[in-house]
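Fold and geometry: a report
Below are the chains, spelled out letter by letter.
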Amino acid sequence: MILAVLYCLLWSFQTSAGHFPRACVSSKNLMEKECCPPWSGDGSPCGQLSGRGSCQNILLSNAPLGPQFPFTGVDDRESWPSIFYNRTCQCSGNFMGFDCGNCKFGFWGPNCTDRRLLVRRNIFDLSAPEKDKFFAYLTLAKHTISSDYVIPIGTYGQMKNGSTPMFSDINIYDLFVWIHYYVSMDALLGGSEIWRDIDFAHEAPAFLPWHRLFLLRWEQEIQKLTGDENFTIPYWDWRDAEKCDICTDEYMGGQHPTNPNLLSPASFFSSWQIICSRLEEYNSHQSLCNGMPEGPLQRNPGNHDKSRTPRLPSSADVEFCLSLTQYESGSMDKAANFSFRNTLEGFASPLTGIADASQSSMHNALHIYMNGTMSQVQGSANDPIFLLHHAFVDSIFEQWLRRHHPLQEVYPEANAPIGHNRESYMVPFIPLYRNGDFFISSKDLGYDYSYLQDSDSDSFQDYIKSYLEQAGRIWSWLLGAAMVGAALTALLAGLVSLLCGHKRKQLAEERQPLLMEKEDYHNLLYQSHL
């Protein structure tokens, strides 16, 4: 009853015109290519009168892209968000948001000056009331229309270049399902032609930063919806799991007694409807997912293709990933070898770091193992297990950042697949965020993981360990250098002994000291330097 009342109230709160800010989807906004709505605090665009920000031209990166997408000007997501907007709010200081009305991640208070650190916890460490509250928040989000955002249900061309807007309301939970669908959908080339080898959030460097932002924005929307400023997403630690231990009615839902592909009627999520799952239908009609219900949530954990994914990831697999020192390598896609990103994503072996197209491991293994809605990339966020899974993947990313302390320059500046360069804006987020902005410690973004806090005392040891690992990789070179140095030292000692013997002989004969000639002195120094 309470949920129904909240739903009605929030529905009635919607404005009629105003993942796209509701305030920026009129034909005027789209044709003028401007998204600089007024901040409610002072009524000025981007809160300019209060010093929060100003409306500015978008500066796009011109760094070259990889060869994976051989087209230009055929997909609305290219050079995001320029097909829709070329002017947006640029916020000052710690302010953030499409109207500069929010604070940057990790900041709080009316002027965004207060720092705070929230902690994501293991779902099995939540008390019964905490767990039930999390499920209630999920349910509320699933039944509450977003007051700030709408989704496009047509391409920019189908909107007649903005003169005929095509947008639809969507609930808060499904908004993020749609975001994950849109960022990974195939490129529509016109007619019946599509291009499948494109993804702005997977199979390339932005995989980890993009999903990091995705979780932060989801948390932020739930905090705003519920008024619970301390809400965080719990994580599922799946290391060494022999089965899906969260797939019970007490947690994320057990199996239906008569249909193993559906959830138990006693589950919190048995009545959930999914969206954005009919991919071939969208492709054949050259259309976008419109957010309409398409059937029940499906899951059949463990009854997957075991030749592709023989087991769930182990602690040893995670440790191997963390030992890889290169964030990205080679072609910077799913064929990359010895890449931490590619190995953690699951396209490379967690035993060797070599790309293997026949296997799905690590992050990918969990999606395949669930054998249902989670196993389809574009629609996988329909399953709330997605959130718990990606929170743990993000914690592994965080461990790697703390162990290796990379400079931001480690994230590729150029030649990554489309949308994945360091300065590229993340599709389809507005306000705008660059990939490189989230290649930093979670602590700088205002959150931590409970199990990583326990190991903070070992952070110095981890710091030293990273250098020891680097030394280990060049031990043969160091050994060779030491042997050469020893040989040169012996040679130098012999030369000095010979010279001293010669001097003693002369001193005995001439009864006077003989100083070393200047040329001999420089020759000796040169040999010592070598």
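Residues numbered from 1 in each chain as written. Predicted model: local features only at pLDDT ≥ 70, side-chain atom pairs only at ≥ 80, totals over all residues. Heavy atoms only, no water.

1. Here's the deal with the nonpolar core
Generally speaking, a soluble globular protein has its nonpolar side chains buried in company with each other. Counting 118 residues, the largest nonpolar core has Tyr181, Phe214, Trp218, Phe340 and Leu387 as its most contacted members. If one sorts the elements of this core by residue count, helix H10 (residues 385-404) sits on top with 11 residues. Contacts of tyrosine 181, omitting those with residues within four sequence positions, involve Cys276, Leu279, Tyr282, Ser287, Leu288, Cys289 and Gln378. Among the nonpolar cores identified, the runner-up in size contains five residues, and Cys46, Cys55, Cys89 and Cys100 belong to it. (Core = buried A, V, L, I, M, F, W, Y, C linked by side-chain atoms within 4.5 Å. Buried < 20%, exposed > 50% of the residue type's maximum accessible area, 1.4 Å probe, protein only. Helix = DSSP H or I, 4+ residues; strand = E, 2+ residues; numbered from the N terminus. Contact = heavy atoms within 4.5 Å.)

2. Here's the deal with the packing of aromatic side chains
Taken as a whole and judged by the stated rule, the model has 47 aromatic pairs. Ring centres of phenylalanine 105 and phenylalanine 438 lie 6.1 Å apart, and the angle between their planes is 65°; on these two criteria the pair is classed as edge-to-face. A residue pair is termed long-range when its members are at least 10 positions apart, and phenylalanine 105 in the loop between strand S6 (102-103) and strand S7 (107-108) and phenylalanine 438 in the loop between H10 and strand S14 (447-449) qualify at 333 residues. The class for phenylalanine 105 is buried, based on a relative accessible area of 10%. With relative accessibility at 2%, the residue phenylalanine 438 sits in the buried group. Taken together, a centroid distance of 5.5 Å and an interplanar angle of 45° make the contact between tryptophan 210 and phenylalanine 429 tilted. With tryptophan 210 in helix H5 (residues 207-226) and phenylalanine 429 in the loop between H10 and S14, the pair connects residues that are 219 residues apart, well separated along the chain. Like tryptophan 210, the residue phenylalanine 429 is buried in the burial classification. In textbook terms, an aromatic cluster arises when at least three aromatic residues are bridged by ring pairs, as seen for Phe20, Trp80, Phe84, Tyr85, Tyr156, Phe167, Trp178, Tyr181, Tyr182 and Tyr282. Against the face of tryptophan 108 rests arginine 116, its NZ or CZ located 3.6 Å from the ring centre. The aromatic ring of tyrosine 447 is capped on one face by arginine 120, whose charged end is 4.0 Å from the ring centroid. (Phe/Tyr/Trp six-rings, centres within 6.5 Å; stacked < 30°, edge-to-face > 60°. Lys NZ or Arg CZ within 6 Å of the ring centre and 35° of its normal.)

3. Describing the state of the cysteines
A complete count under the given rule lists seven disulfides for this structure. The disulfide partner of cysteine 91 is cysteine 100, and the S-S distance across this bridge is 2.1 Å. A torsion of -95° about the S-S bond marks the disulfide between cysteine 91 and cysteine 100 as left-handed. Covalently, cysteine 276 is tied to cysteine 289 through a disulfide, its sulfur atoms 2.1 Å apart. Here the S-S torsion is close to -75°, and the disulfide linking cysteine 276 with cysteine 289 is therefore left-handed. Here cysteine 276, found in the loop between H5 and helix H6 (279-285), pairs with cysteine 289, found in the loop between H6 and helix H7 (315-323); they are 13 residues apart in sequence, far enough to count as distant. (Disulfide = S-S within 2.5 Å.)

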